[in-house]
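In case you want the letters, here they are:
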Amino acid sequence: MKINILGIESSCDDTSASILQDGNILSNITATQEAHKEYGGVVPEVASRAHQQNIIPVVDLAIKKAGISKNEISAIAFTRGPGLMGSLLVGVSFAKAFALSLDIPMIEVNHMQAHVLAHFAEDPKPDFPFLCLTVSGGHTQIVKVNDYLDMEVLGTTIDDAAGEAFDKTGKLLGLDYPAGPVIDKLAKKGEAIFSFAEPNLPNLDFSFSGLKTSILYFLKKQIKTNPDFIQENLNDICASVQSAIIKSLMIKIIKATEETGIKEVAVAGGVSANSGLRNAIETEGGKRGWKTYIPKLEYCTDNAAMIAVTGYRKYLKKEFVGQEITPEARLKI
Ligand code: KG4
Ligand code: ZN
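Parameters and conventions
- Starting from 1, residues in each chain are numbered consecutively following that chain's sequence as written.
- Here chains are named by letter from A upward and ligands by number from 1 upward, in the order in which they appear as written.
- Only residues with pLDDT of 70 or above have their local features reported here, since the model is predicted, and side-chain atom pairs are shown and tallied only from 80 upward, although totals for entire chains, interfaces and linings are computed over all residues.
- Here the side-chain values reflect all heavy atoms present in the structure, with hydrogen atoms and water set aside.
- The rule for a residue being near a molecule or strand is that one of its heavy atoms must lie within 4 Å of it.
- Between N or O atoms, a polar contact is any pair within 3.5 Å; within protein, one atom must be a potential hydrogen donor and the other a potential acceptor, and residues adjacent in sequence are included only when both atoms are from side chains.
- Note on conventions: DSSP H or I runs of at least 4 residues are helices, E runs of at least 2 residues are strands, and numbering of each starts at the N terminus.
- Amino acid classes used here: Ala, Val, Leu, Ile, Met, Phe, Trp, Tyr, Cys and Pro are nonpolar; Asp, Glu, Lys and Arg are charged; the rest, including Gly, are polar.
- Because no water is among the atoms considered, metal sites can look incomplete, with donors defined as N, O and S atoms within 2.8 Å of the metal, or 3.2 Å for Na, K and Ca.
- Key to geometry: four donors with every angle between 85 and 135 degrees are tetrahedral; four donors are square planar and six octahedral where opposite donors lie over 155 degrees apart and all remaining angles lie between 65 and 115; all other sites are irregular.
- Partly exposed describes any residue whose relative accessible area lies between the buried limit of under 20% and the exposed limit of over 50%, with all areas from a 1.4 Å probe on protein chains only and scaled to the type maximum.
- A contact between two residues is defined here by any heavy atoms of the two lying within 4.5 Å.
- Strand pairing follows a simple DSSP-based rule, namely that at least 2 bridges must link the two strands.

*Asks:* Just give me the short version of the site of ligand 1, but keep the residues and values in it.
*Replies:* Near ligand 1 there are 18 residues, and of these Gly137, Asp167, Asp184, Gly270 and Asn274 occur at the shortest range. Here an oxygen atom of ligand 1 sits 2.9 Å away from a polar atom, N or O, in the main chain of glycine 270. Separating an oxygen atom of ligand 1 from a side-chain N or O atom of aspartate 302 is a distance of 3.1 Å. At the level of secondary structure, the elements contributing two or more residues to the shell around ligand 1 comprise helix H4 (162-172) and helix H5 (180-187). Looking at side-chain class alone, the shell around ligand 1 contains 5 nonpolar, 10 polar and 3 charged residues.

Structure follows, in structure tokens:
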């Protein structure tokens, strides 16, 4: 009999459902929430309401697109955390009701572990052990992946995530949320001629709040003498900001490869869409003999296929949970 896993993701502002059959993705449907744009960031209350509205249509569509019936689903895998409590509750409650009504097992999934296992959604797949740099609006981590469900966090951010660094500086520059893709586009037309304070952490941890403050003071100072400084130099500012963020990420991933001797290097999360980061990984990888992996954007940003992939691995080990399960906003790998 075929193993069909329904994956559910609702940890932040994307509602997503996916069907995985014997490890192969049949569907991956994601409803993104536009309502946060005008606030310049994700508003938790707005996010949980939108998940409530989206979850049934998204699941229906995922099952329909997969060409299976509800009764053929073997288990439901859901994001237990980390994430926004109100958002997680929608997915967890849905999973409980669905599992009860069909009398199928439930599988809890750690969202950060799932970002890493997104690399197994399609070929080419990394070999174990590999290093994964997970960079998004909510997370920045370097993970050593020994096996599907055996991971160690080598470094993490002590303040803002890399995506947040893009989004918050974008806000200072008057750009729309999320600013990452906009900065990426404008940076292509500019040059990284400005420099900002660099973090100086000795281990594999990251820090981006100093960069944000440094950019803020830099802009304030420039605007004092030239009120049009931002408009006149926007492309170069974006190129400089992007270059600073990428530099911070690259220093740590290089250090991690040197310390572990691992040359399989994977990148996950929404920021992996950044063209400068992709170039840096490819170029540095070429010089250092790395094998590099960046999944399709659909599997980099928050999605349920990665939840289903992780759920499948747990299904094979019969790692199920009971109806008493609750979300964990701060769940760790
Ligand atoms: O993984 P994701 O969709 O959601 C989570 O935060 O979990 O990542 C969204 C983040 C945002 O901060 C956005 O600005 C950033 O990824 N991002 C980018 C680019 N595309 C998305 N940052 C830099 N360059 C991009 N091209
Ligand atoms: Zn995420």
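*Asks:* Tell me about the coordination of the zinc ion (ligand 2), residues and numbers included.
*Replies:* Taken together, the protein ligands of the zinc ion (ligand 2) are His111 (NE2), His115 (NE2), His139 (NE2) and Asp302 (OD), with distances of 2.1 to 2.4 Å. Note that the zinc ion (ligand 2) binds 4 donor atoms; their angles at the metal cover 90 to 163 degrees, and the shape is irregular. Each donor residue of the zinc ion (ligand 2) belongs to the same chain, with the gaps between them written as H-x3-H-x23-H-x162-D. Of this pair, histidine 111 sits in helix H3 (residues 111-117) while histidine 139 sits in the loop between strand E6 (130-135) and strand E7 (140-147); the two residues are 28 residues apart in sequence, bridging distant segments of the chain. With respect to class, histidine 111 is no different from histidine 139; both count as buried.

*Asks:* Hey, could you go over H5 for me, with residue numbers and the actual values?
*Replies:* Among all positions in H5, only Gly180, Ile183, Asp184, Leu186 and Ala187 are buried. Of the surrounding elements, those touching the buried residues of H5 are H4, helix H7 (229-260) and helix H8 (275-288).

*Asks:* Can you explain the pairing of strand E4 (residues 75-81)? Please cite residues and give values.
*Replies:* Here E4 lies mainly inside the structure; 7 of its 7 residues are buried. As paired strands, strand E1 (residues 4-9) and E4 are joined by 4 bridges and run parallel to one another. Bridge pairing in E4 places isoleucine 8 opposite phenylalanine 78. Across 5 bridges, the pairing between E4 and strand E5 (residues 106-110) is parallel. Bridging from a neighbouring strand, glycine 81 pairs with asparagine 110 of E5.

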